[in-house]
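So the chains spell out like this:
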Amino acid sequence: MTPAADRVVFENVSKFYGEILGVNRVSFSLEPGITALVGPNGSGKTTLMNLMTGLIRPTHGRVTVRGLSPGDPQEFFRHVGYCTQFDSFPHGVTGYDFIYWPLRLAGFSGAEANRFSEEALDRVGLREAGMRRVAGYSKGMRQRVRLGQAIAHHPSVLVLDEPLNGLDPMARAESLALFQELGSQGLHLIISSHILEEVDRISDRVILISNGFIVAEGRIHEVRREVQDQPMQILVRCSNARGLAAEAFSLGDVVEAKLQKDGGGLLVRTTNAEKFYLLLNRAVTAGLVEIDTVAPADDDVNSLYQYLIGSDGNLT
Amino acid sequence: MSDGASAVRPPAEWTGPPWRLWVRQIGILVRHELRRSLFTRRRFWVFLLAFVPLLLFGVPWVVHSRQPVDAAALENQTQIFAGIMQLYYVRLGLFFACMGVFTWLFRGEMVERTLHYPFLTPVRREVLVIGKFLAGAAIVISVFEISVLGSFFLLYGRFGKLGSAYVFDGPGLGQLGVYLLIIALGALGYGAVFLGLSLVFRNPIVPGALFLGWETITPVLPGWLQMLSVTFYLKHLYPVSVPSNSFLLGLFTVSTGPISSAVAVAGLLGFTVAVLAFSCYRIRRTEITYSVD
């Protein structure tokens, strides 16, 4: 298998709607796993997903998914499922029919399509409501039936545009568990969401997009490491936090050390995390502190979003 | 939500020749389209357009049922039926029914923002065009042919034995067969044109009206331009000629250069295939940008 045969590849892709920029010169190569696509409204997330699935064609550049071109839907959509953000359904369709007919078109026999439809309805928690018309569904149910259709044929690449929109907390948690399970089985999952805290929990990688440009792309901690103008935040839960803070300030790279309210922890901001970890090792060896936990405090999608795009959605 | 079965499973692999898959997909598309759109409120006016002539032939059947009938009256009614076939069934009813049904096949899905669903299935877009086109044709042809059959038997039924002899021992059945063929070919030709127009124009009403004008004036245009109209081919198939002694009737029924029926049928089918090929080309370039539709 060539490297591209297992990847989602964008090669210098641009998309213009007339004179309006959709995305510009986007290049990346995603390996299997869960990728969070993050950016403010109108940044180009949906454009990127529509390009990925052939609903729109690039003005320049080339898109391949597992070596397949979206221009060959017969082969392409045997491997790819796309849960769009469009909250519209064919007139009069039931949840079951909504999933069943695309499976029949995919070449499954009636019995197989029936089995897969029921399985998909089951996975998204709509078995009971499957025979009801989608027009009578709640927003969350409509979201789930779209997800059901996208996963029904067992694709190896799943593109999900804001899949948590409209879901109640329980359904959201169940969806995230399902995504995590699919990701662990070697699928490509590309998820756009504005609920950063939740996608952060399950994502391996992040693509940050703003105003049609890719701001950063890669494994989350690697991207974080590259953001050198923002000191890393490290949370240490330990004994003698005050003593550790004093030690920390002996390093020139530590710009802030904040004691936690209970006195049992310390939040350090440093421009050189490696140096701080070495100091921590020395402090433990010398018996200065006893460590409970050490964890990066801003090694997540949310922090990257804040650092690179800003809370107002503009590039910082 | 349930954990369900294992997510990764080889997707359905089609091992047979691709054309067999396309035929199967077309069959599924036609069935699905008929199932969801044949008997809907949206189709009411198609039925209305098709079944208006039934009233026209049904009312005299009731009102004049006791009047004596003779061969001259039958001949006269045969001419009237031919006129209604040309003027109403083909030029108006079938034309506007095709306009409504075929322009809605893709444009309707764009308006309702559901076109991305068929685009996200493992089906070639050309297959989608053919499947939807055949579904539209099946709807229009079945409704109009039922109406033509009903009108035909209402007309000749009123003449009792004389009518029965005309239909079963005379030219009646042959004429009926040709009328049904004309309806089918007309639906294919008009359908292909309206399907193509719907993939080019956001509002197909204006180009539809222009097409009606084109169909009306082509008989007075040079021969090669006439070949770009549906009416040109159908005119050569009508089994009964209609006297064109009024200006309006003359405009709609003006004769064109003679060609054989076989050439007319082949020509119209060729015209249909050419327009469908254009639609296939267009659909491959169609993008889902509902905001601008």
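Residues numbered from 1 in each chain as written. Chains lettered and ligands numbered in written order. Predicted model: local features only at pLDDT ≥ 70, side-chain atom pairs only at ≥ 80, totals over all residues.

(A) Local environment of the overall build of chain A. The helix and strand tally for chain A stands at 11 helices and 13 strands. Overall, the C-alpha framework of chain A stretches about 70 × 45 × 40 Å when taken along its three principal axes. The 316 residues of chain A split such that 46% are buried. In chain A, 68% of the contacts between residues at least 6 apart in sequence involve partners at least 24 apart. (Helix = DSSP H or I, 4+ residues; strand = E, 2+ residues; numbered from the N terminus. Buried ≥ 20, exposed ≤ 12 C-beta atoms within 10 Å, placed from the backbone. Contact = placed C-beta atoms within 7 Å.)

(B) Representation of the overall build of chain B within the structure. Along chain B, the regular secondary structure elements total 12 helices and 0 strands. Ordered by position in the sequence, the α and β elements of chain B form the string α-α-α-α-α-α-α-α-α-α-α-α. Residue burial in chain B is summarised as follows: out of 293 residues, 37% are buried.

(C) Quick look at the sheet that holds strand S2 (residues 20-30) of chain A. Residues and elements named next belong to chain A. Reading across from one edge, S2-S1-S4 is the order of the 3 strands in this open sheet, with antiparallel pairing throughout. Across the chains shown, the open sheet's two edge strands, defined by having one partner strand only, are S2 and strand S4 (60-65). Geometrically, the sheet is characterised by an average inter-axis angle of 20° between neighbouring strands, direction not taken into account. Sheet analysis places strand S1 (residues 8-17) next to S2, joined by 7 bridges and oriented antiparallel. Looking at S2, one finds that Phe 16 is bridged to Leu 21. (Pairing = 2+ DSSP bridges. Axes fitted to C-alpha atoms, helices over the stretch in contact; angles between N-to-C directions.)

(D) Focus on the interface of chain B and chain A. Opposite the 32 residues of chain B that make contact, chain A presents 41 residues. Counting only elements with at least two residues in the side of chain B that touches chain A, the list comes to helix H1 (18-37) and helix H4 (116-119) of chain B. The greatest single-element share of the side of chain B that touches chain A, amounting to 5 residues, is contributed by H1(B). Looking at the side of chain B that touches chain A residue by residue, the classes come out as 16 nonpolar, 8 polar and 8 charged. (Nonpolar A, V, L, I, M, F, W, Y, C, P; charged D, E, K, R; others polar.)

(E) The arrangement of unusual backbone geometry in detail. Residue and element names in this part refer to chain A. Phi angles above zero are rare outside glycine, and Arg 66 is one such case at about 50°. Tracing the sequence through the fold places Arg 66 in the loop between S4 and helix H2 (73-79). Since 19 C-beta atoms lie within 10 Å of it, Arg 66 is described here as partly exposed. With a phi close to 50°, Glu 162 is a non-glycine residue in the positive phi region. Tracing the backbone through its elements, the reader meets Glu 162 in the loop between strand S6 (157-161) and helix H6 (169-184). Here Glu 162 falls in the partly exposed class, since 19 other C-beta atoms lie within 10 Å of it.

(F) Seen up close, the domain arrangement of chain A. The domain boundaries assigned to chain A delineate domain 1 (3-225) and domain 2 (231-297). Relative placement of domain 1 of chain A and domain 2 of chain A: their C-alpha centres are 41 Å apart. (Domains from an automatic or database assignment.)

(G) Spotlight on the packing of helix H9 (residues 241-249) of chain A against helix H10 (residues 273-285) of chain A. Residues and elements named next belong to chain A. Running from amino to carboxyl end, H9 crosses H10 at an angle of 135°, the nearest separation of the two axes being 11 Å. When the axes of H9 and H10 are compared, the pair comes out oblique. Handedness of the crossing formed by H9 with H10: right-handed. Contacts between H9 and H10 involve Leu 244, Glu 247 and Ala 248 from the former and Phe 276, Leu 279 and Ala 283 from the latter. The residue makeup of the contact of H9 with H10, split by class, is 5 nonpolar, no polar and 1 charged. (Parallel < 35°, antiparallel > 145°, perpendicular 65-115°, else oblique. Left-handed = near helix turned anticlockwise from the far one by under 90°.)

(H) Quick peek at the nonpolar core. In this structure, A:Leu208, B:Leu94, B:Cys98, B:Val140, B:Phe144 and B:Ala187 are the most contacted members of the largest nonpolar core, which totals 143 residues. Those residues in contact with B:Ala187 that sit more than four places away from it in its chain are B:Leu94, B:Cys98, B:Ala137, B:Val140, B:Ile141 and B:Phe144. Grouped together as the second largest cluster of nonpolar side chains are 15 residues, A:Val254, A:Leu266, A:Leu280 and A:Ala283 included. (Core = buried A, V, L, I, M, F, W, Y, C linked by C-beta atoms within 7 Å.)

(I) Region of interest: the sheet that holds strand S10 (residues 232-238) of chain A. All names here are of chain A. Reading across the sheet, the 4 strands line up as S11-S12-S10-S13 and stay open at both edges, with antiparallel pairing between neighbours. For this open sheet the edge positions go to strand S11 (254-259) and strand S13 (291-296), each flanked by a neighbour on one side alone. The mean inter-strand angle of the sheet, taken between neighbouring strand axes irrespective of direction, is 15°. Two elements, S10 and S13, share 5 bridges in a ladder whose sense is antiparallel. In the strand pairing of S13, Leu 235 is matched with Ala 295. Its contacts with the sheet place H9 against S10, S11 and strand S12 (265-270), and it is angled at close to 170° to S11.

(J) Structural view of the pairing of S11(A). Residue and element names in this part refer to chain A. As judged from the 5 bridges shared by S11 and S12, these two strands associate in the antiparallel manner. Across the sheet, Lys 258 pairs through a bridge with Leu 267, a residue of S12. The antiparallel hairpin formed by S11 and S12 contains 5 residues in its connecting segment, where Gly 263 sits at a positive phi of about 75°.

(K) Structural view of the environment of B:Leu234. Residues and elements named next belong to chain B. Here Leu 234 is to be found in helix H10 (residues 230-235). Judged by the 25 C-beta atoms lying within 10 Å of it, Leu 234 falls in the buried class. A C-alpha to C-alpha distance of 33 Å links Leu 234 and Val 63, two positions 171 residues apart in sequence. Leu 234 has contacts with Val 90, Ile 182, Leu 185 and Gly 186, leaving out every residue within four places of it along the chain.

(L) Layout of the confidence of the model for chain B. All names here are of chain B. Confidence in the prediction of chain B, expressed as mean pLDDT, is 86, and 88% of residues score 70 or more. Taken as a whole, residues 3-8 scores under 50 in pLDDT and shows 15 contacts with residues more than four places along the chain or in a different chain. On the interface metric, ipTM, the complex scores 0.82, and its pTM is 0.85. (pLDDT = per-residue confidence, 0-100.)

(M) Spatial organisation of the environment of A:Asn211. Looking at the element boundaries, A:Asn211 is found in the loop between strand S8 (205-210) and strand S9 (213-219). Sequence-wise, A:Asn211 and A:Ile99 are 112 residues apart; in three dimensions their C-alpha atoms are separated by 35 Å.

(N) Spotlight on helix H4 (residues 110-123) of chain A. Residue and element names in this part refer to chain A. Across its 14 residues, H4 extends 20 Å between first and last C-alpha, which sits within 8% of the 20 Å expected from 1.5 Å per residue. Among the residues of H4, those classed as buried are Ala 113, Phe 116, Ser 117, Ala 120, Leu 121 and Arg 123. One face of H4 carries all of its buried residues, which in axial projection span an arc of 160°. With its phi angle positive at about 75°, Gly 125 sits one or two positions after the end of H4. (Expected span 1.5 Å × (residues − 1). Arc of directions from axis to C-beta.)

(O) Quick peek at the packing of helix H3 (residues 95-105) of chain A against helix H5 (residues 139-151) of chain A. Residues and elements named next belong to chain A. As a packed pair, H3 and H5 sit with axes 9 Å apart at the nearest point and diverge in direction by 20°. One way to sum up the angle between H3 and H5 is to call them roughly parallel. As H3 packs across H5, the resulting crossing turns out to be right-handed. Touching Gly 95, Phe 98, Ile 99 and Pro 102 of H3 are Val 145, Gly 148 and Gln 149, all from H5. Taken together, the residues of the contact of H3 with H5 sort by class into 4 nonpolar, 3 polar and no charged.

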